[in-house]
Amino acid sequence: MIERSLETIDPVEITVLSGFLGSGKTTLIRTLLERPDLERTAVIINEFGEIGLDHELIESSEEDLVELSTGCICCVMRGDLQEAIERLMLRQQTGRVFDRIILETTGLADPGPILHSLIYNEYLKPLVRLDRVVITVDALSGLNSIANFKECPQQIALADIILITKADIDPTNVDDLRRELRRINPEAFIYKSNFGMTEVDLFSLNGQQIEKISENGIDEHSHHHTHSDLYSISFRRKRPIKAVTLTLFLETLAQVLGQNLVRLKGIVYLEESLKTPAVIHGVQHVFHPMSWMADWSGEEPETRLVLIGRKFSLDWVGAVLETIEEEVAQTIS
Amino acid sequence: MTPERFEVIIRGALEIWDIECKTEFLDSPLGCLLWMTEDKVSISHEVTSFGNVWRIVGLDGRERVHPSLGSMLNSLSRILRPDQPNARVIFAR
């Protein structure tokens, strides 16, 4: 543990970059680091295996590159991740200033536990602020990876932004892949990326845009099956929900679903805050602090939730919410 | 609580937990029996003057009484999946 005080350092935004093996994460980072506006970016690279190779492929100031090579972050490296972030943050005190960290995971990582650490770890919370999760998916082998490797859909489910890479080599599967990605994660932004050049600047989307549930992603009470065992369900509810009902509902979902709930994201029409939509965002059983949007931007107020996971049905989720609503109403009356 | 919603909740939980058993749903009183080979687990729900009451009689014959859906599902999970700890939600501050 590094003993110097980090109390005076402002938190730095951290972008988690994940994606299945060979999907183009390192190429993307190389291209990003060539941009003058991303000059003040530090990179943490995690590699799975005894010999780290990826960091050799990235040309960057060694000072701002930290390699973790003793295992996969999501399994055993969370202590090392904490130390790596601490080491980077201490450089802020010695004049080497950066204003963004990119954390590249291994191709086999489940980003969930990493996000838990960044959101929930008492030591890391004052140092970094999770900004966005970017996932690369290979246009050539993405559908196959989704169908055959459980890590791949798990990564896609947790993305804020999905980049389809290598579409320039063979665009045949891009439409099918895009549909599959949309089924797994209906609210993520999906763009193409060739040799690390993305259709849209990854960092041009502000937090509010990322928090906002994409209208394309929410059908009226929908349930999408995919080639993997992950799927998404979404529903809307026009009646406001009491805060206590929401808390009990989230607790019950997490308790019953366990690892079958991969992600929950949504806007809630809260009875206690009718004019300001509440944004909820959970990764497995860990939920971010609730944030608030300024207003409904002219839209009709309603709760809109997207759940990504396995084995649950829209009917079951709705029945649980209705029952908890009834129980709360009976208790209050 | 309607019989239809009761059935959706119980069947949904069994599917999520990968529990295969014969089920027998009853409308009045609202409840169901889960047949685990020779033994059974019974679940019932009623609304009383003091609120909701969920009752479970487990494989050991002992009755558990719960005031909410969440606590009933928690208890049912422990009976049907004794080796699987329940997840707990964490709200980051």
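Keep in mind the model is a prediction, meaning the values are calculated, not measured.

Student: When you look at the domain arrangement of chain A in this model, what are you seeing that I'm missing?
Tutor: Reports often express the size of an interface as the amount of accessible area lost when the parts come together. Residue and element names in this part refer to chain A. As far as domains go, chain A holds domain 1 (12-211) and domain 2 (215-332). Each side of the interface is counted separately: domain 1 has 19 residues, and domain 2 has 21 residues. Broken down by secondary-structure element, the contributors of at least two residues to the side of domain 1 that touches domain 2 are α4 (111-120), α5 (142-148), α6 (151-157) and α7 (174-184). Tallying contributions element by element places α4 first for the side of domain 1 that touches domain 2, with five residues. For the side of domain 1 that touches domain 2, the per-class residue count stands at 11 nonpolar, four polar and four charged.

Student: Quick question: what am I supposed to make of the nonpolar core here?
Tutor: Note that soluble globular proteins tend to have their nonpolar side chains buried in a common cluster. All names here are of chain A. If you look at the biggest cluster of nonpolar residues, it comprises 101 residues, and the most contacted ones within it are I101, L115, I156, A159, I162 and V320. Each of domain 1 (12-211) and domain 2 (215-332) accounts for three or more of the residues forming this core. In this view, I162 contacts I135, V137, I156, L181, N185, A188 and I190; residues no more than four positions away in its chain are not counted.

Student: It is not clear to me how the sheet that holds strand β2 (residues 31-36) of chain B should be interpreted in this structure. Could you clarify?
Tutor: In sheet architecture, strand pairing relies on hydrogen bonds along the backbone and comes in two forms, parallel and antiparallel. Residues and elements named next belong to chain B. An order of β1-β2-β3-β4-β5 is seen for the five strands of this open sheet, with the pairing classed as antiparallel. In the strand order of this sheet, the two ends are held by β1 (22-26) and β5 (63-66), each with one partner. Here the strands of the sheet are splayed against their neighbours by 15° on average, with no regard to which way each runs. Relative to strand β4 (residues 51-57), strand β3 (residues 39-48) is paired through seven bridges, and the arrangement is antiparallel. From the neighbouring strand, H45 faces β4, where its bridge partner is W54. Contacts between helix α2 (residues 69-80) and the sheet are confined to β3, β4 and β5, with β4 contributing the most and set at about 5° to the helix.

Student: Which parts of the structure should I look at to understand the confidence of the model for chain A?
Tutor: Segments scoring low in pLDDT should not have their predicted coordinates read at a detailed level. Residues and elements named next belong to chain A. Mean pLDDT over chain A works out to 79, with 79% of the residues at or above the 70 mark. Per-residue pLDDT stays below 50 along residues 48-64; that stretch engages in 30 contacts with residues further than four places along the chain or on separate chains. The low-confidence segment residues 212-221 (pLDDT under 50) makes 21 contacts with residues lying over four places distant or belonging to another chain.

Student: What am I meant to see in the pairing of strand β15 (residues 303-309) of chain A here?
Tutor: Along any regular strand, the residues point their side chains to alternate faces of the sheet. Residues and elements named next belong to chain A. Most of β15 sits inside the fold, with seven of its seven residues counted as buried. The pairing of strand β10 (residues 231-237) with β15 spans seven bridges and is antiparallel. When the sheet's bridge partners are listed, S232 is paired in β15 with I308. Pairing analysis gives six bridges linking strand β11 (residues 261-268) to β15, with the strands arranged antiparallel. In the sheet register, R263 faces β15, and the bridge partner there is I308.

Student: I'm lost on the environment of Q155(A) in this one. Help?
Tutor: One can find Q155(A) in helix α6. As for Q155(A) and L108(A), which are separated by 47 residues in sequence, their C-alpha atoms are 9.1 Å apart.

Student: So what exactly am I meant to see when it comes to the packing of helix α10 (residues 314-332) of chain A against helix α1 (residues 3-16) of chain B here?
Tutor: Each packed pair of helices is defined by two parameters, the angle between the axes and the distance between the axes. At a closest axis distance of 9 Å, the pairing of α10(A) and α1(B) adopts a crossing angle of 120°. When the axes of α10(A) and α1(B) are compared, the pair comes out oblique. Both α10(A) and α1(B) take part in a crossing whose hand is left-handed. Contacts from D315(A), W316(A), A319(A), V320(A), E322(A) and T323(A) of α10(A) reach α1(B) at R5(B), V8(B), I9(B) and G12(B). For the contact of α10(A) with α1(B), the residue count by class is five nonpolar, two polar and three charged.

Student: Can you help me understand the interface of chain B and chain A in this one?
Tutor: With 24 residues of chain B at the contact, the number on the chain A side is 31 residues. Contributing elements (two or more residues each) for the side of chain B that touches chain A: α1, β4, α2 and β6 (90-91) of chain B. Per-element accounting of the side of chain B that touches chain A gives the leading share, seven residues, to α1(B).

Student: Is there a simple way to explain the packing of helix α9 (residues 243-257) of chain A against α10(A) in this structure?
Tutor: All names here are of chain A. Look at α9 against α10: their axes get within 9 Å of each other, and the N-to-C directions meet at 135°. Taken together, the axis directions place α9 and α10 in an arrangement best described as oblique. The two elements α9 and α10 cross, and the hand of that crossing is right-handed. Residues V244, T245, L248, F249 and T252 of α9 form the contact with α10, whose participating residues are V320, L321, I324, E325 and V328.

Student: Would you mind going over unusual backbone geometry with me for this structure?
Tutor: Residues apart from glycine generally show negative phi values, whereas peptide bonds are mostly found in trans. The omega torsion across S28(B) and P29(B) is -5°, close enough to zero to call that bond cis. For K311(A), which is not a glycine, the phi torsion comes out positive at approximately 70°. For K311(A), the location among the structural elements is in the loop between β15 and α10. With 15 C-beta atoms packed within 10 Å, K311(A) lands in the partly exposed category. Positive phi values are uncommon outside glycine, yet D18(B) reaches one of about 60°. Residue position: D18(B) is located in the loop between α1 and β1. Residue class for D18(B) comes out exposed when judged on the 11 C-beta atoms lying within 10 Å of it.

Thresholds, definitions, all that
Residues numbered from 1 in each chain as written. Chains lettered and ligands numbered in written order. Predicted model: local features only at pLDDT ≥ 70, side-chain atom pairs only at ≥ 80, totals over all residues. Domains from an automatic or database assignment. Contact = placed C-beta atoms within 7 Å. Helix = DSSP H or I, 4+ residues; strand = E, 2+ residues; numbered from the N terminus. Nonpolar A, V, L, I, M, F, W, Y, C, P; charged D, E, K, R; others polar. Core = buried A, V, L, I, M, F, W, Y, C linked by C-beta atoms within 7 Å. Buried ≥ 20, exposed ≤ 12 C-beta atoms within 10 Å, placed from the backbone. Pairing = 2+ DSSP bridges. Axes fitted to C-alpha atoms, helices over the stretch in contact; angles between N-to-C directions. pLDDT = per-residue confidence, 0-100. Parallel < 35°, antiparallel > 145°, perpendicular 65-115°, else oblique. Left-handed = near helix turned anticlockwise from the far one by under 90°.

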